[in-house]
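The chain contents come next:
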Amino acid sequence: MKPRVGIPRALLYYNYYPMWKEFFERLGAEIVLSELTNKKILDDGVNCSVDDACLPIKLFHGHVIDLKDRVDFLFIPRLISVQRSEYICPKFCGLPDMVVSLVNDLPTVIDVTVNMRNNNSSLRKAVLDAGRYITGDVVRIYSAYKSSLQKLHEFQRKMEEGLTPLEAMHGGKPSSFKEGIKIGLIGHPYNIYDNYASMDIIRKIRGRGIGIITQDMIRESEIDRIAKTFPKAMFWSFGKKIMAASEYLIDEKKVEGIIYMVAFGCGLDALVGDLVERRVRKKGVPFCLITIDEHTGEAGIDTRVEAFLDMLEWRNASKCW
Amino acid sequence: MKKSYYLGVDVGSVSTNIVLVDDNRELVYRDYLRTMGQPIRVIQEGIRALRSRMGDIDIKGAGATGSGRNLAGIIIGADIVKNEITAHAVAALHINPEVKTILEIGGQDSKIIILRDGIVSDFAMNTVCAAGTGSFLDRQASRLGIPIEEFGALALKSTAEVRIAGRCAVFAESDMIHKQQLGHKTEDIILGLCSALVRNYLNNLGKGKEILEPVIFQGGVAANCGIVKAFEKELGLEVNVPPHHDVMGAIGAALLSADAAERKGYTSFTGLDIVECEFSVRPLDCKGCANLCEVIEIMKNGEAVACWGDRCGRWSNRMTKLA
């Protein structure tokens, strides 16, 4: 029987899943996913995690609980840095420790460490360490890694064509919003693409005939080009991407407005949110900050999004409805 | 020729407002009712009162707004269901096409709307915290045994304002009790509270926004002259309170419905006899998946007319198909 590797559909799932899937499947494992976020996952996550964790971290715990009894391994990498001289949120460094100490009866946790702050060698070691849980064949591990990288690049290309990660994973077609209003929807991928946590914001915006561009739909080279112009290097990889994306979308006149979705209690968003807001407003572009949390009332988000989109349409057409 | 009218209904957390505007977009009828947690009954009562005052009139369009707008929209058969921000902006522009800033404080939320050249250019709404909104003032008034209507006038009598913390309603309350136990006069404490709320509002919502004249202050709290004075002092600008400040949302909904009905060429308004209909709600706790959505079905004379609360659309889509 194939070893079953469980991947929680939370946090960096939205950035790396196609890569992880290819890697473990090439090694002969079977991938098992948690359910898409639902109320039970949210409740389980909230009940078991520490109370000052942010919503996405709580959701991650809920996804682990959903998966743990159905798999032989749980893949929870310890990601410290994915790019030279940059970090990702400190909660990711402690993620496997947090999960192990808070969730009982876990299967084996694959908690390899990726820290590329100084050089790439840690990635090579992480790949090897992760592969060894499934096979002793080093050559096979490297070839699986090579083809998984290719999958990641294909996945990123598809997003650059305008697909959300879920659409890119499931073979969606680029949306047909060639004309009409577009807005920039930015924020951590696990906030904006998790339809439950985001209260389905993408569908709500598109449902009004308004297109969206997220930071993941922008070429990496553009992000890097703009990030270099910052007065001070942004050392958070996600923060850098979010800031550069908002700048790019405005400067290239790709969007009429920006919605930034943040999770309550996110330290990074608290800072980056304000930086982005100041820069966006200075350029006279409409900006809206949406905070998501554990509450299930959609009215607050709906009213803000609706009013924001009304405002954009109003500006665009100089008319009422 | 028989005159025709447009109906606007604003169902808020504290009040439900019903207005009529005529063909010339002039306000001809207004009613301010307490929602009392019973939006359906209050809407029906409001329509009944409207019918007995105005008779059987020709309503050519109906609009709904407020936090209960979807429910209200179903009951009256609204031609347009719009959020409060847009409705308030439309109503304020109708009164003064030059308006550049709208301050709005309602029962449980507060907003600031910035307009330039007759269109909304920016807005902000308070977050989950309701400090500084009408229901908080209501509560403090009743704690001090002062009718809310006299609250503002009493504040104006003050000669020595005391400082109250306005960041949070709970802290404000304990600060007020503390000042009261020290022996400060009630009117000084009340003026202090008005200033604290205004400070909190401007820090939260006004942050980084350019507040220019003309400024219009609307919503139920605009009736409080203490708050108006505190705004003028803090902003250094003239703050105008329109005569129908407390029903502006409903006026906006009525104005929007006139355009919507005109565009459609007909109205979906169900008619004034909705007061005879029996509305009820039926909770359907969906067990279809782990989301366990709290779905509810709105029934009119025993027949389902709307349904919402489901995330997947399993129930609400079924309704759309029926319609």
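Definitions and limits used
- The numbering scheme is per chain: residues are counted from 1 as the chain's sequence reads.
- Throughout, the order in which chains and ligands are written sets their labels, letters from A for the former and numbers from 1 for the latter.
- Since the coordinates come from a predicted model, pLDDT governs what is reported: local features require at least 70, and pairs of side-chain atoms require 80 or more to be given and counted, while whole-chain, interface and lining totals use all residues.
- Helix numbers and strand numbers start at the N terminus; a helix is a DSSP run of H or I with at least 4 residues, a strand a run of E with at least 2.
- The atom set for the radius of gyration is the C-alpha atoms, and the globule formula is 2.2 Å times the number of residues raised to the power 0.38.
- Counting other C-beta atoms within 10 Å of its own, a residue is labelled buried from 20 upward, exposed at 12 or fewer, and partly exposed in the gap between, with every C-beta atom placed from the backbone.
- Here, residue contact means that the backbone-derived C-beta atoms of the two residues sit within 7 Å.
- For every domain, the bounds stem from an assignment made automatically or drawn from a database.
- Our arc is simply the arc of the directions from the helix axis toward the C-beta atoms.
- Following DSSP output, two strands are said to pair if at least two bridges run between them.
- Nonpolar core, as used here: buried Ala, Val, Leu, Ile, Met, Phe, Trp, Tyr and Cys residues forming one set through C-beta atoms within 7 Å.
- Gly counts as polar in this scheme, as do all residues outside two lists: the nonpolar Ala, Val, Leu, Ile, Met, Phe, Trp, Tyr, Cys and Pro, and the charged Asp, Glu, Lys and Arg.
- As a rule, the C-alpha atoms of each element are fitted with a line to give its axis, helices using only the stretch in contact, and angles between N-to-C directions run from 0 to 180 degrees.
- Orientation categories follow fixed angle ranges, with anything under 35 degrees roughly parallel, anything over 145 roughly antiparallel, 65 to 115 roughly perpendicular, and all other angles oblique.
- The crossing is said to be left-handed when, going from far helix to near helix, the turn is anticlockwise and less than a right angle, and right-handed when the turn is clockwise.

When you go through chain B residue by residue, the secondary structure sums to 10 helices and 13 strands. Taken against the 2.2 N^0.38 rule, which gives 20 Å for 323 residues, the C-alpha radius of gyration of chain B at 21 Å falls within 12% of a compact globule. Dimensions of chain B along its principal axes, counting C-alpha atoms only, are 65 × 55 × 40 Å. A buried classification covers 45% of the 323 residues belonging to chain B. Look at the contacts in chain B between residues 6 or more apart in sequence, and 63% of them connect residues 24 or more apart.

Bringing the domain arrangement of chain B into the picture now. For chain B, the assigned domains are domain 1 (4–88 + 249–276), domain 2 (98–243) and domain 3 (279–322). Here the C-alpha centroids of domain 2 of chain B and domain 3 of chain B sit 39 Å apart.

The next subject is helix α11 (residues 220–227) of chain A. Residues and elements named next belong to chain A. Of all the residues in α11, the buried ones are I223, I226 and A227. Looking down the long axis of α11, one finds its buried residues gathered within 100 degrees of arc, a one-sided arrangement. In α11, the exposed positions angled more than 90 degrees off the buried face are occupied by S221 and R225. Against the buried residues of α11 lie α12 (237–251).

Residues and elements named next belong to chain B. Taking strand neighbours across the sheet as the criterion, the 5 strands line up as β3-β2-β1-β4-β5 in an open arrangement whose pairing is mixed. Strands at the two margins of the open sheet, each flanked by one partner only, are β3 (27–34) and β5 (80–81). Strand direction decides the pairing type here: strand β1 (residues 4–11) and strand β2 (residues 15–22), joined by 7 bridges, are antiparallel. Bridge assignment links V9 to a residue of β2, and that residue is I18.

With 188 residues, the main nonpolar core has L74 of chain A together with L7, V9, I251 and A254 of chain B as its most contacted residues. It is helix α9 (residues 248–264) of chain B that provides the largest number of residues to this core, a total of 10 residues. When residues no more than four places from it in sequence are discounted, the contact partners of I251 of chain B are G8, V19, V21, L27, A91 and H244 of chain B.

All names here are of chain A. By the assigned domains, chain A splits into domain 1 (4–159) and domain 2 (175–317). Each of domain 1 and domain 2 has a C-alpha centre, and these two points are 26 Å apart. With 22 residues of domain 1 at the interface, the matching set in domain 2 holds 23 residues. At the level of elements, α1 (13–26), α2 (39–48) and α3 (55–67) are the ones that each hand at least two residues to the side of domain 1 that touches domain 2. Ranked by residue count, the leading element in the side of domain 1 that touches domain 2 is α3, at 3 residues. When its residues are assigned to classes, the side of domain 1 that touches domain 2 shows 15 nonpolar, 5 polar and 2 charged.

The interface is formed by 21 residues belonging to chain B together with 19 residues belonging to chain A. Where the side of chain B that touches chain A is concerned, the elements lending two or more residues are α3 (84–95), β8 (119–125) and α9 of chain B. In terms of residue count, β8 of chain B provides more of the side of chain B that touches chain A than any other element does, 5 residues in total.

Take the packing of helix α6 (residues 169–181) of chain B against helix α7 (residues 186–204) of chain B next. Residue and element names in this part refer to chain B. Direction vectors running N to C along α6 and α7 enclose 155 degrees, while the axes themselves pass 11 Å from each other. One way to sum up the angle between α6 and α7 is to call them roughly antiparallel. In this structure, the crossing between α6 and α7 has a hand that is right-handed. Contacts between α6 and α7 pair A172, M176, K179 and Q180 from the former with I189, L193 and A196 from the latter.

Right, let's talk about the environment of M217 of chain A for a bit. Structurally, M217 of chain A can be placed in the loop between β8 (211–214) and α11. Between the C-alpha atom of M217 of chain A and that of G131 of chain A, which follows or precedes it by 86 residues, the distance is 30 Å.

Attention shifts here to helix α8 (residues 225–235) of chain B. Residue and element names in this part refer to chain B. All buried positions along α8 are accounted for by G226, I227, V228, A230 and F231. Looking at the buried positions of α8, the neighbouring elements they touch are β6 (101–105), α5 (148–156), α7, β9 (215–218) and β10 (239–240). With its phi angle positive at about 70 degrees, G236 sits one or two positions after the end of α8.

Before going further, it helps to spend a moment on the sheet that holds strand β11 (residues 279–285) of chain B. Two modes of strand pairing occur in sheets, parallel and antiparallel, and in both the strands are linked by backbone hydrogen bonds. Residue and element names in this part refer to chain B. Spatially, the 3 strands line up as an open sheet ordered β11-β12-β13, and their pairing is antiparallel. Sheet topology places β11 and β13 (303–308) at the edges, where each strand pairs with a single neighbour. The average undirected angle you get between the axes of adjacent strands in this sheet is 30 degrees. Across 7 bridges, the pairing between β11 and strand β12 (residues 294–300) is antiparallel. In the sheet register, L284 faces β12, and the bridge partner there is V295.

So, on to the packing of α5 of chain B against α7 of chain B. All names here are of chain B. Interaxial distance between α5 and α7 falls to 8 Å at its minimum, and their mutual angle equals 105 degrees. In terms of orientation, α5 and α7 fall into the roughly perpendicular class. Contacts between α5 and α7 involve F151, L154 and A155 from the first element and E187, I190, L191 and C194 from the second. Grouping the amino acids of the contact of α5 with α7 by side-chain chemistry returns 6 nonpolar, no polar and 1 charged.

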